[in-house]
Amino acid sequence: MSTAVVGVLRLVAALAVVLLGTLAVLVVLDILPRELLQTWGIKLLLVAAIIGVVALVAALLWRKRPE
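Just so you know, these numbers come straight off a predicted model, no measurement behind them.

**Digging into the overall build of the chain**
Thought 1: Of regular secondary structure, the chain possesses two helices and zero strands.
Thought 2: Evaluated residue by residue, the chain yields a buried proportion of 3% over its 67 residues.

Here you go:
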């Protein structure tokens with residue numbers, strides 16, 4: 001992989017860690033109710049899984065272009 005791709009992946013991973021940490025703090029401090037997190041958590045996981053599968057399929061299709 002090129003250094004640009006690795007840099008972007010590191011940036012995305014860092015942002016994901018910060019967002020998860022922020023979400024955990026909001027739940028621990030009861031700013032965000034646990035019930036709401038459970039309801040929306042399942043939906044967010046499903047959306048993330050769909051986006052991941054679509055990105056994977058798009059990358060595979062992009063690589064296997066006919067010459």
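**Considering helix α2 (residues 34-63)**
Thought 1: Here α2 spans 42 Å end to end across 30 residues, near enough to the 44 Å set by a 1.5 Å rise per residue.
Thought 2: Along α2, the sharpest change in direction is near 25° and occurs at W40.

**Points about the layout of surface pockets**
Thought 1: Estimated volume of the largest pocket: approximately 210 Å³.
Thought 2: In terms of lining, the largest pocket is formed by A16, L19, L20, L23, L37, G41, L44 and L45.
Thought 3: Counting only elements with at least two residues in the lining of the largest pocket, the list comes to α1 (3-28) and α2.
Thought 4: A class-by-class count of the residues in the lining of the largest pocket yields seven nonpolar, one polar and no charged.

**Focus: a nonpolar patch on the surface**
Thought 1: On the surface, V25, V28, L29 and I31 cluster together to form a nonpolar patch covering roughly 410 Å² of accessible area.
Thought 2: With respect to the secondary-structure elements, V25 resides in helix α1.

**Side note on unusual backbone geometry**
Glycine aside, the phi torsion of most residues is negative, and most peptide linkages are trans.
Thought 1: The phi dihedral of D30 falls on the positive side, at around 60°, and the residue is not glycine.
Thought 2: One can find D30 in the loop between α1 and α2.
Thought 3: The class of D30 is exposed, set by a relative accessible area of 64%.

Thresholds applied
- Residues numbered from 1 in each chain as written.
- Predicted model: local features only at pLDDT ≥ 70, side-chain atom pairs only at ≥ 80, totals over all residues.
- Heavy atoms only, no water.
- Helix = DSSP H or I, 4+ residues; strand = E, 2+ residues; numbered from the N terminus.
- Buried < 20%, exposed > 50% of the residue type's maximum accessible area, 1.4 Å probe, protein only.
- Expected span 1.5 Å × (residues − 1).
- Bend = angle between axes of the 7 residues up to and from the residue.
- 1 Å grid on protein atoms, 1.4 Å probe; cavity = no way out; pocket = protein on both sides within 12 Å on 5 of 7 lines; lining within 4 Å.
- Points joined across faces, edges and corners; volume = space filled by probe spheres on them.
- Nonpolar A, V, L, I, M, F, W, Y, C, P; charged D, E, K, R; others polar.
- Patch = residues over 30% accessible without salt bridge, like charges linked within 9 Å, V, L, I, M, F, W, Y side chains within 5 Å.
- Areas by Shrake-Rupley, 256 points an atom, 1.4 Å probe, with all protein chains shown as cover.
- Salt bridge = Lys/Arg side-chain N within 4 Å of Asp/Glu carboxyl O.

All we've got here are geometric facts, nothing functional implied.
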